[in-house]
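Breakdown of the fold
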Amino acid sequence: MSDRVNDLAFYQDLADLMNAHPDQYETLGEVDFTLGVLMAAEGGNDLRLRLRFEDLGCADVSPLSEGGEASCDCWLEGDTDSWGEMFDDITTNGRATGRRTINSLTLVGDRIDVRGDDPMGVDKFFRFNQTIQQFFDGAAQLAPSSA
Amino acid sequence: MALATDESVHELPEMTPMGNPLDWSWLRGTRAEWGMNPVPSRRGLTMMDIATGTYGEVLEEPPYRSMAPRGADIDEDTPDMGYILNHKSQVWADNVVELYEEAVARQWSSTRDIPWNELQELPSDIEHAMCQLCTVLTEIEMIATDLPAKWMWRMNHHFVEAKMFLATQIMDEARHADVFRKRALANGGGLLLSGSGDESLLRSILEAKTYTQASALLHLLGEGFILDVFRQGELIAPTHVEKKIFRLSMQDEARHVAYGTMHIRQAIAGDPDVADEIHEALDHGEQFLIEFGTSPVLSSALAILLGGGSEHIEDKGFPMQSLLATKIFTSYLARCERAGLNRIDRTDLPLELLGIDIDAFDRTGV
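Attention here is on the structure that accompanies the text. As the structure is a prediction and not an experimental result, all values here were calculated from the model. (Residues numbered from 1 in each chain as written. Chains lettered and ligands numbered in written order. Predicted model: local features only at pLDDT ≥ 70, side-chain atom pairs only at ≥ 80, totals over all residues. Heavy atoms only, no water.)

1. Some details on the overall build of chain A
Helices and strands together make up the secondary structure of chain A, namely six helices and five strands. Listing the helices and strands of chain A from first to last along the sequence gives α-α-β-β-β-β-α-α-β-α-α. Its C-alpha atoms give chain A a radius of gyration of 14 Å, near enough to 15 Å, the size a compact globule of 147 residues would have. Dimensions of chain A, computed from the C-alpha atoms along their principal axes, are close to 35 × 30 × 30 Å. Within the span of chain A, comprising 147 residues, buried residues form 57% of the whole. Of the contacts formed within chain A by residues at least 6 apart in sequence, a portion of 70% connects residues at least 24 apart. (Helix = DSSP H or I, 4+ residues; strand = E, 2+ residues; numbered from the N terminus. Rg over C-alpha atoms; globule rule 2.2 N^0.38 Å. Buried < 20%, exposed > 50% of the residue type's maximum accessible area, 1.4 Å probe, protein only. Contact = heavy atoms within 4.5 Å.)

Have a look at this one:
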């Protein structure tokens, strides 16, 4: 799994999974949230993407330009190794566990942190946290061939 | 916009067969707007969709103090309900309509949505600590039902969306009291110690002199703190069952904080002098919060949970508590700035001890 975390197509697969099963998100309620993901990789192959969540789905997965995070409600910032470990945990256990949930990782904040220009935007990360966690947990459901 | 007039309706009786008078003015034409035809959004017909024309015009100072719905053709002699919060800035927040819809969409059930049968037997110290945390949370969550309820009936009904949002907050907090009470009992434990220090904080919030002071204490200070306690709860949750409890509760709490932050901003914009009374309330509230947050009962329970057991209180529990305290108060101070309150230069919080970088704040609000 961790070998795909730098691949935009991986996040599009997660988005497709979410969009194919709105019923699984219905009890969580609609979302209006734009999340940036900025993960630094050795060698400069950084992951920079924008996830746009609307209603019960992920409406857009797109690359994030330099400085483009300012257009997001907030963004996650860290390194691809930690990011990949989170997805490895998800695929191993079926969901993020222990201190590898997205809230836990950003609360400790030593390897992955949540940042934003506006505290109201950062607070959206908490308002929609269960939806975001479920979106990432979708990695456990992706077929091994696509993982 | 056409008025509600239908000239074809005529020769209607003026009295009922029982001799009671009838009033057909609602049928023959009122001053209220008619034929709005709001267009539902993808998620359905929201309060934002129907906020069109005069129905969406929230006045700074509504002319009536009754329960008459905003946008209706209101009798001039409609009674005064005794509302004391009659200015928009006293209750409103620019995000309150969206937050109401969000709250309605994201309601959950502690009975149905928590996989209670997947709880696992825990080491005794961890189970005790979780039960103690749940005891504290069960106790303090109901303040956030009592406080809005204390003020809602004094709010002008013109600001109905703000009252509707606060009604969702009351339901949210009832659910939190419910879910933490259930968790305390569900895994072989029970409720533990209710410390007297907790009640001091709650009383200071409940006895605030104005709604805006109360909102600053509750939404900005108290719930901002509890939001971070819920984040910690998710971090330290022994199983995915507790993680889900804390995540869902966190979502609710973040909505309340979002309302409070923007309400305080609106209150100060409407009357800059209000900032002084908010500062005064927070001066006291922060001291109570420090006492509450460092209470021997709560901090010892959190230290065990953060350390992963009583054997790791000192090498893991306390250091983690210290790290998280920095985050909690940094978030709080950032929200104050967003609300238009410069607390950095006024607070008596031990910023240096808390490890807060005061140069990171621009002190101008966003």
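After presenting the structure, the write-up continues.
2. Some words on the environment of A:Ala40
The residue A:Ala40 is located in strand S1 (residues 31–40) in this model. Among residues more than four places away in sequence, those in contact with A:Ala40 are A:Asp46, A:Gly78, A:Asp79 and A:Thr80.

3. With respect to the state of the cysteines
Residue and element names in this part refer to chain A. Here the structure, examined in full by the defined rule, presents zero disulfides over all chains. Take cysteine 58: it sits in no disulfide, and the sulfur closest to it among the cysteines is that of cysteine 72, at 12 Å. The exposure class assigned to cysteine 58 is buried, which follows from its relative accessible area of 4%. Considering cysteine sulfurs only, cysteine 74 is the nearest to cysteine 72, which forms no disulfide, with 8.0 Å between them. (Disulfide = S-S within 2.5 Å.)

4. Brief notes about helix H1 (residues 8–20) of chain A
Residue and element names in this part refer to chain A. If you check H1, its first and last C-alpha atoms are 18 Å apart, about what 13 residues at 1.5 Å a residue would give, namely 18 Å. When we look at burial in H1, the residues that qualify are Phe10, Tyr11, Leu14, Ala15, Leu17 and Met18. Projected down its long axis, H1 shows its buried positions confined to an angular sector of 160°, all on one face. Tucked into the core, H1 has its buried residues touching helix H2 (23–26), strand S2 (47–55), strand S3 (57–63), helix H3 (80–93) and helix H6 (129–137). Between the side-chain oxygen at the start of H1 and the backbone nitrogen of alanine 9 there is a gap of 3.0 Å, and the oxygen is on aspartate 7. (Expected span 1.5 Å × (residues − 1). Arc of directions from axis to C-beta. Polar contact = N/O pair within 3.5 Å; in protein donor to acceptor, adjacent residues only side chain to side chain.)

5. A look at the sheet that holds strand S5 (residues 112–115) of chain A
Residues and elements named next belong to chain A. If you trace the five strands from one edge of the open sheet to the other, you get S3-S2-S1-S4-S5, paired in mixed fashion. Across the chains shown, the open sheet's two edge strands, defined by having one partner strand only, are S3 and S5. This sheet shows a mean twist of 20° between the axes of neighbouring strands, independent of strand direction. Relative to the sheet, H3 contacts S1, S2, strand S4 (74–79) and S5, its axis offset from that of S4 by approximately 100°. (Pairing = 2+ DSSP bridges. Axes fitted to C-alpha atoms, helices over the stretch in contact; angles between N-to-C directions.)

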